[in-house]
Amino acid sequence: MIILPAIDLKGGKCVRLRQGRIDEVTIYGNDPAEQARDWAEQGGRELHVVDLDGAFDGKPRHAEVIERIIKAFGGPVEVGGGLRDFESVGAVLEAGAARAIIGSAALEDPRFLTSAVEIWGDKIAVGIDARDGLVQTRGWVTTTKVLATELAKAVEQCGVKTIIYTDTATDGMLKGPNLTQMASICDAAPGCLITASGGVASTYDIENLKALERDNLRAAIVGKALYDGRITLRDLNIAAV
């Protein structure tokens, strides 16, 4: 399993939200590129970046910052947040991102998603964010009646090969991932590689994810636990082997 440290961007700074709530923001740094360099030095193999302003506004807001992050990290970087048209997706990939993460548009505009996969192939990932198993969109502001497992099946049929699944109820809570829902997502889209996001706070959580014994559970994203110093990236990498 691969551990991806996370950089969430708001106002040009590294932040974390509690359960995705914009009114519960913690600022962790003023130089995202320096943070990316630090993650690389600590042994980060890949990096997860989200433009939170872009997610809420529906259009990327950190193009220059993200380009600096990609250069500073020096390894594969996946980027999401407000990627809802071809221009935005193309721009982030041209900046050097390994994967562009399509979120809200995967549900709202499946034709766009299908076309993006036809153009960019495996460089397109889908971010599925859900609470109580129901998909949330627009920066987690809108909760739909669509089951996350059904969306996972649908995007797999569109040709998507990577899904980042975030359980928004556990995100930033440091109480462990939603293992039941994670297993369901893996089973719903067996042809996709799944990245778990939300709740990972310890090596114990990584061991629990591995214990699900899902061959397509490829990676886990960790944010707040690293920033708060509860665990080191080195220890997580060791547990993930």
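Residues numbered from 1 in each chain as written. Predicted model: local features only at pLDDT ≥ 70, side-chain atom pairs only at ≥ 80, totals over all residues. Heavy atoms only, no water.

Describing helix α6 (residues 110–120)
Those residues of α6 that sit buried are F112, L113, A116 and V117. One face of α6 carries all of its buried residues, which in axial projection span an arc of 135°. When the buried face of α6 is taken as reference, the exposed residues oriented beyond 90 degrees from it are R111, E118 and I119. Of the residues one or two after α6, G121 is the one with positive phi, at around 60°. (Buried < 20%, exposed > 50% of the residue type's maximum accessible area, 1.4 Å probe, protein only. Helix = DSSP H or I, 4+ residues; strand = E, 2+ residues; numbered from the N terminus. Arc of directions from axis to C-beta.)

Topic: the environment of Y227
Position of Y227 among the secondary structure elements: in helix α10 (residues 224–227). Taking relative accessible area as the criterion, Y227 reaches 15% and is therefore assigned buried. Not counting residues up to four positions away in its chain, the partners in contact with Y227 are A6, I7, R16, Y28, Q35 and W39. A polar atom in the side chain of Y227 sits 2.6 Å from the backbone oxygen of A6. (Contact = heavy atoms within 4.5 Å. Polar contact = N/O pair within 3.5 Å; in protein donor to acceptor, adjacent residues only side chain to side chain.)

Examining helix α8 (residues 179–188)
Burial in α8 covers these residues: Q181, M182, A183, I185, C186 and A188. The inward-facing, buried residues of α8 abut α7 (148–157), β10 (162–167), β11 (193–197), α9 (203–211) and β12 (217–222).

Description of the nonpolar core
In this structure, I7 and L113 are the most contacted members of the largest nonpolar core, which totals 69 residues. A total of 6 residues in this core trace back to one element, the largest contributor, which is helix α3 (residues 63–73). Aside from chain neighbours lying at most four places away, what touches L113 is I102, A106, I124, V126, V155, C158 and V160. Core analysis: the second largest hydrophobic core is formed by 8 residues, L4, I101, I164 and A219 among them. (Core = buried A, V, L, I, M, F, W, Y, C linked by side-chain atoms within 4.5 Å.)

As for the packing of aromatic side chains
If you walk through the whole model with that rule in mind, you get 4 aromatic pairs. Measuring from ring centre to ring centre gives 6.4 Å for F86 and W120, while their planes differ by 40°; the resulting arrangement is tilted. Residue F86 is found in helix α4 (residues 86–94), and its partner W120 is found in helix α6; the two are separated by 34 residues along the sequence. (Phe/Tyr/Trp six-rings, centres within 6.5 Å; stacked < 30°, edge-to-face > 60°.)

Quick notes on unusual backbone geometry
Notably, D132 is not glycine yet its phi reads approximately 55°, a positive angle. Mapped onto the elements, D132 comes out in the loop between β7 (124–131) and β8 (134–137). In the Ramachandran plot, E213 falls in the positive-phi region, its phi being about 55° despite a non-glycine side chain. Relative to the helices and strands, E213 resides in the loop between α9 and β12. Among the residues examined, E213 registers a relative accessible area of 68% and is labelled exposed.

Some details on the packing of helix α1 (residues 32–41) against α3
Contact geometry of α1 with α3 gives a least axis separation of 8 Å together with a crossing angle of 25°. Comparing the axis directions of α1 and α3 gives the class roughly parallel. Of the two possible hands of crossing, α1 and α3 adopt the one that is right-handed. For the pair α1 and α3, contact is made by P32, A33, A36, R37, W39 and A40 and by V65, R68, I69, A72 and F73, respectively. Here the residues of the contact of α1 with α3 sort into 9 nonpolar, no polar and 2 charged. (Axes fitted to C-alpha atoms, helices over the stretch in contact; angles between N-to-C directions. Parallel < 35°, antiparallel > 145°, perpendicular 65-115°, else oblique. Left-handed = near helix turned anticlockwise from the far one by under 90°. Nonpolar A, V, L, I, M, F, W, Y, C, P; charged D, E, K, R; others polar.)

Digging into the side chain of D53
Tracing the sequence through the fold places D53 in helix α2 (residues 52–57). Residue classification places D53 among the buried residues on the basis of a relative accessible area of 16%.

A short note on the side chain of T170
The residue T170 is located in the loop between β10 and α8 in this model. If near-sequence neighbours (up to four positions away) are discounted, T170 is found in contact with G176, N178, G198 and G199.

Thoughts on the pairing of strand β6 (residues 99–102)
Along β6, one buried face is formed by R99 and I101 and the opposite face, lined by A100 and I102, is buried too. Bridge analysis of strand β5 (residues 77–80) against β6 gives 3 bridges, and the strand direction is parallel. When the sheet's bridge partners are listed, E78 is paired in β6 with R99. (Pairing = 2+ DSSP bridges.)

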